Amino acid sequence: MKNETAPAGSLKRHMGLKASNTISNTIIYILLVIMSIVWLIPFICIVLQSFRVESTWQVGYVIPKQWGWKNYIDLWHTDFKKWYLNTLIIALVTAVIQTVIVLCMSYTLSRFRFKLRKPLMQFMLILGMFPGMLTMIILYRVLKDLGLTQANAVPGLILVYVASSGMGYYVSKGFFDTIPKSLDEAARVDGATRAQVLYKIILPLAKPIVIYTILTAFMAPWGDFVFARYISFGTSAGMNVAVGMYNWLNLDQIGQCYTRFCAGGVIVAIPVTILFMCLQKYYVEGVTGGAVKG
Amino acid sequence: MKKYSDLEYLQLSKGKRFLYKLASFFLAIPTFFKNLGLGIGRFFKNLVLSIGREFADIFSTFKNGDWKTKVSYLVMGFGCLARGQILRGLLFLAFEVIFIVYMITTGGYWLGMLPSLGKIGPHEEYSVVHDAYTTVYGDNSFKILLYGVLTLFFIVAFIYTWRANVKQNKIAEQILKSGKKLRSGKDDLRSMVDDNFHKTLLALPLTGILLFTVMPIVFMILVAFTNYDGAHDGFNNALFQWVGLDNFRTMLSWSGSGVNYSATFGEILSWTLIWAFFATFTNYFLGMFVAMMINKKGIHLKKVWRTVLVMTIAIPQFISLLYVSKMFSLNGIINGLLIDLKLISPSNAIDFLGNNAHSGLLPRIMVIIINIWIGIPYLMLIATGILMNIPADLYESSKIDGASGWKQFTKITLPYMLFITGPYLLTSFTSNMNNFNVIYLLTGGAPTNAAASGAAGSVGYTDLLITWLFKITTGAESKYYLASVVGILVFIVVAVISLIVYNVLPSVKNEEDFQ
């Protein structure tokens, strides 16, 4: 008897386990579906409302009663083109220069052992604890003296973004740390200079982190708001998309510009999102690596 | 307190272990500050000693050196030139010439004005041409402070270069004495891409950081000791002056004239800390939870779930945040939906982000919730990467030992995650303290905190220190000096938290190192 009940019992337990597993999986699926909806709803709403023609202000419903391209056409007749072009230029130039600077910085701190290395890193850690906004006042005045504010805000903004970008070396330094040093040493033994080691050996291996750096540097200017607003200082010609479109949601403009904001949002988000989704793999690698190494 | 050995510690009950850890954490804090003090003391002692050593070396080099070395003390690079190192010599010499010319033409003026920040302000003067009184502009305090600081930097650089020049001579003499050849200019250039490649690589980034981060920070720290504001802009309406510690006194004393800044500061600081705590940990645990759900065996379409979340990272924050803030506004979609569902009547729509009741409790909760929406995708990515690295056999063996899913989570997953992401948690806490975008784009600091609004810039219940700083700067009075004080205080808070966590936590954490 005993011999017979034992397998039956374990089978029952097995069945129970399976059932509870199915239940928990179902719950998880439900949660994931709800989550996906919550995460996507704002974006779906933006897209839907950008096609709304019957009114330009905020309404309590989502699905337009009348569809059309009017908001996008309106967009074309505002300064949006200018803002978009500004942002694109800033993003492209920043992406290139910032990547070079970050790579120089992180490669050096990862590979070379010089006397001031540790103090330098500690110093930059401390610098990073100051709120960046504090420097805004003086940088604005300095840029103003150089003639790089308001209508000329684009070069000014690039200068500011690029100049301090060396501080953000952590993620790529972590990556360089994982490339074995024996590679460098082997090349050095074969007579390569330090510079040749960097160009011929390390850079080809560092492709993921190069792409990650380019991607993040490219994406940041699209969302920068504070500094861009301070430096363009109310001059439409020098604004980026964030600053320009922010004004559309001010109390006095939201009545006419709400749906236009949605349309602009779609136009801004599409290229950035496509680029991001294409390079997602590298982004995930960078973010994960960065967090693990601190 | 009695210190337990490892064996004794393991014999304690759970509650006692926790209390023991807690006690040892707090007991470690005084030691930490003691060590910090000792460390600072040691630093200055070493500094004084090394400066003394430098001077001794400078004198002995002069005494023992040949005439070429001695001339180099006055004419930089002379020794190099005389010994055939043309490139180095010329660089040293050029630097000295530039320095002297700069100091004579403009540097001296800036430096001389620095203690007073300008003597003649803008004033009315009779002009013969216009036959009327016109405003004549005098000194520019802003430029004096800015270029004064730059000149000081330049002087430090000069002293450093001069010292390097002296050292060069000493080394060159030694090399020649031992019968070897000196490096030529060609060798020097070659070393820039080889032995000294790190200097080449760092030159550009560090110059940028020096000019656009270090210099502004030094400048703004100094501004905290002046009365620089909209009414004293240093040139157009009035000069500004040094005021010593007055601004810190205004900010920190309890009896300000009219406005109580310290109470406002304390209120905003406490909300900033609460916000940073919740923003960090809600995201952390919920993100981990989501990652675990997606990673669970038997869940299909993993890629789809992940992609949906990751996509939200791609969309620039100003679009998503501004849009969400409008969704929750009085006539936004959420209220529209609630009205359609007959849950509320149109007349009492809920002001999610502007409700003033209970010191803005609802907006405060809302920004934390919306921040979860923003933050979970990042945390999901990070947690996924880490969870995949946890050795699967740990789970297998624990399962054989009969551990439940919850037990696996608390005994394996959580310790592993916390151990690996400890530093990340700290940085994300401090960056949440300075999370300008989320607060400013969502609420702009609203609803207004009537009690504190007398303080510069209108203060709201969801204002963080950083948005307050921004409001002070851009407010009607533009009290830059006050913004500087706030900035410095933010720095102090962040630095103290980081220091304590970095130094105290590991001693506790090491005990529970993940095994």
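All of these numbers come straight from a predicted model, not from anything done at the bench. (Residues numbered from 1 in each chain as written. Chains lettered and ligands numbered in written order. Predicted model: local features only at pLDDT ≥ 70, side-chain atom pairs only at ≥ 80, totals over all residues. Heavy atoms only, no water.)

Residue and element names in this part refer to chain B. We note that the domain assignment places domain 1 (6-48), domain 2 (65-244) and domain 3 (261-512) within chain B. Put simply, the middle of domain 2 and the middle of domain 3, counted by C-alpha atoms, are 44 Å apart. In this complex, domain 2 contributes nine residues to the contact, which on the side of domain 3 involves eight residues. Counting the surface lost from both domain 2 and domain 3, the interface buries some 650 Å², and carbon and sulfur atoms represent 71% of this. Of all residues in domain 2, Ala224, Tyr228 and Asp229 give up the largest surface area on contact with domain 3, accounting jointly for 55% of the area buried on that side. Taken together, the connections running from domain 2 to domain 3 amount to zero salt bridges. For the pair domain 2 and domain 3, the interface holds four residue pairs in polar contact (both at pLDDT 80 or more). Considered class by class, the residues forming the side of domain 2 that touches domain 3 number five nonpolar, three polar and one charged. (Domains from an automatic or database assignment. Contact = heavy atoms within 4.5 Å. Buried area = accessible area lost by both parts, 1.4 Å probe. Salt bridge = Lys/Arg side-chain N within 4 Å of Asp/Glu carboxyl O. Polar contact = N/O pair within 3.5 Å; in protein donor to acceptor, adjacent residues only side chain to side chain. Nonpolar A, V, L, I, M, F, W, Y, C, P; charged D, E, K, R; others polar.)

What follows concerns the packing of helix 11 (residues 302-314) of chain B against helix 14 (residues 357-389) of chain B. All names here are of chain B. The geometry of helix 11 relative to helix 14 is characterised by a closest axis approach of 8 Å and an angle of 130 degrees between their N-to-C directions. As summarised for this structure, helix 11 and helix 14 are arranged oblique, according to the angle between their axes. Listed contacts from helix 14 to Arg306, Leu309, Val310, Thr312 and Ile313 of helix 11 are Pro377, Tyr378, Met380, Leu381, Thr384 and Met388. Split into classes, the residues belonging to the contact of helix 11 with helix 14 amount to eight nonpolar, two polar and one charged. (Axes fitted to C-alpha atoms, helices over the stretch in contact; angles between N-to-C directions. Helix = DSSP H or I, 4+ residues; strand = E, 2+ residues; numbered from the N terminus. Parallel < 35°, antiparallel > 145°, perpendicular 65-115°, else oblique.)

Another point: the packing of aromatic side chains. Tallying each qualifying case throughout the model produces 51 aromatic pairs over all chains. Arranged with centres 6.4 Å apart and planes meeting at 20 degrees, the rings of Tyr258(A) and Tyr323(B) form a pair that is stacked. Here Tyr258(A), found in helix 13 (residues 254-278), pairs with Tyr323(B), found in helix 12 (residues 317-327), and the two come from separate chains. Taken together, Phe80(A), Trp83(A), Tyr84(A), Phe218(A), Trp222(A) and Trp248(A) form an aromatic cluster joined through their ring pairs. Taking NZ or CZ as reference, Arg260(A) lies 5.4 Å from the ring centre of Trp248(A), over its face. Its guanidinium or amino end placed over the ring of Phe62(B), Lys70(B) lies 5.8 Å from that ring's centre, counting from NZ or CZ. (Phe/Tyr/Trp six-rings, centres within 6.5 Å; stacked < 30°, edge-to-face > 60°. Lys NZ or Arg CZ within 6 Å of the ring centre and 35° of its normal.)

Looking now at the side chain of Thr259(A). Looking at the element boundaries, Thr259(A) is found in helix 13. Looking at Thr259(A), its side chain comes within polar contact range of the side chain of Asn71(A), at 3.0 Å.

This brings us to unusual backbone geometry. Peptide bonds are trans in most cases, and residues, glycine excluded, mostly fall at negative phi. Residues and elements named next belong to chain B. The residue Leu117 is not glycine, and still its phi comes out positive at about 55 degrees. Examined against the element boundaries, Leu117 turns out to sit in the loop between helix 5 (86-113) and strand 1 (123-127). Residue Leu117 is classed as buried on the basis of its relative accessible area, which comes to 0%. With a phi close to 55 degrees, Leu301 is a non-glycine residue in the positive phi region. (Buried < 20%, exposed > 50% of the residue type's maximum accessible area, 1.4 Å probe, protein only.)

What follows is about the environment of Lys63(B). Examined against the element boundaries, Lys63(B) turns out to sit in helix 2 (residues 14-64). With 169 residues separating them along the chain, Lys63(B) and His232(B) place their C-alpha atoms 53 Å apart.

The next subject is the pairing of strand 1 of chain B. Residues and elements named next belong to chain B. Bridge analysis of strand 1 against strand 2 (residues 132-136) gives five bridges, and the strand direction is antiparallel. Paired with Glu124 across the bridge in strand 2 is Thr135. In sequence, strand 1 turns back onto strand 2 through a hairpin of four residues, with Asp131 there showing a positive phi of about 50 degrees. (Pairing = 2+ DSSP bridges.)

This paragraph deals with the confidence of the model for chain A. Low pLDDT marks stretches whose predicted atomic positions should not be read closely. In this model, chain A carries an average pLDDT of 83, and 92% of its residues clear a pLDDT of 70 or more. In this model, residues 1-9 of chain A is a region of pLDDT below 50 whose contacts with residues beyond four sequence positions or in other chains number zero contacts. (pLDDT = per-residue confidence, 0-100.)

The figure often quoted for interface size is the accessible area lost as the parts come together. Taken together, the contact between chain B and chain A spans 92 residues of the former and 90 residues of the latter. Approximately 8200 Å² of surface area, both sides summed, lies buried where chain B meets chain A, with 80% of it carried by carbon and sulfur atoms. Per-residue buried area on chain B facing chain A is highest for Phe212(B), Phe318(B) and Tyr323(B); these three make up 9% of the total on that side. In this structure, the connection of chain B to chain A is made through nine residue pairs in polar contact (both at pLDDT 80 or more). Its residues assigned to classes, the side of chain B that touches chain A comprises 64 nonpolar, 21 polar and seven charged.

Residue and element names in this part refer to chain A. Domain assignment breaks chain A into domain 1 (2-50) and domain 2 (81-293). The C-alpha-based centres of domain 1 and domain 2 are spaced at 41 Å. With four residues of domain 1 at the interface, the matching set in domain 2 holds five residues. Roughly 390 Å² is buried in total at the junction of domain 1 and domain 2, and carbon and sulfur atoms are behind 73% of that figure. It is Ile46, Gln49 and Ser50 that lose the most area in domain 1 upon contact with domain 2, and together they represent 91% of the buried surface on that side. Between domain 1 and domain 2 we count one residue pair in polar contact (both at pLDDT 80 or more) in total. Per-class residue counts for the side of domain 1 that touches domain 2 are two nonpolar, two polar and no charged.

Together, Leu85(A), Leu88(A), Ile89(A), Leu92(A), Val93(A), Val96(A), Ile97(A) and Val100(A) give the surface a local cluster of nonpolar side chains, amounting to about 610 Å² of exposed area. You can see Ile97(A) is positioned in helix 3 (residues 80-111). (Patch = residues over 30% accessible without salt bridge, like charges linked within 9 Å, V, L, I, M, F, W, Y side chains within 5 Å. Areas by Shrake-Rupley, 256 points an atom, 1.4 Å probe, with all protein chains shown as cover.)

Two elements in contact, helix 5 (residues 136-145) of chain A and helix 6 (residues 141-177) of chain B, have axes separated by 12 Å at closest approach and are oriented at 100 degrees. Accordingly, the angle class assigned to the pair helix 5 of chain A and helix 6 of chain B is roughly perpendicular. For the pair helix 5 of chain A and helix 6 of chain B, the contacting residues are Ile138(A), Arg141(A), Val142(A) and Asp145(A) in the first and Phe142(B), Lys143(B) and Leu146(B) in the second. A breakdown of the residues in the contact of helix 5 of chain A with helix 6 of chain B according to their chemical character gives four nonpolar, no polar and three charged.

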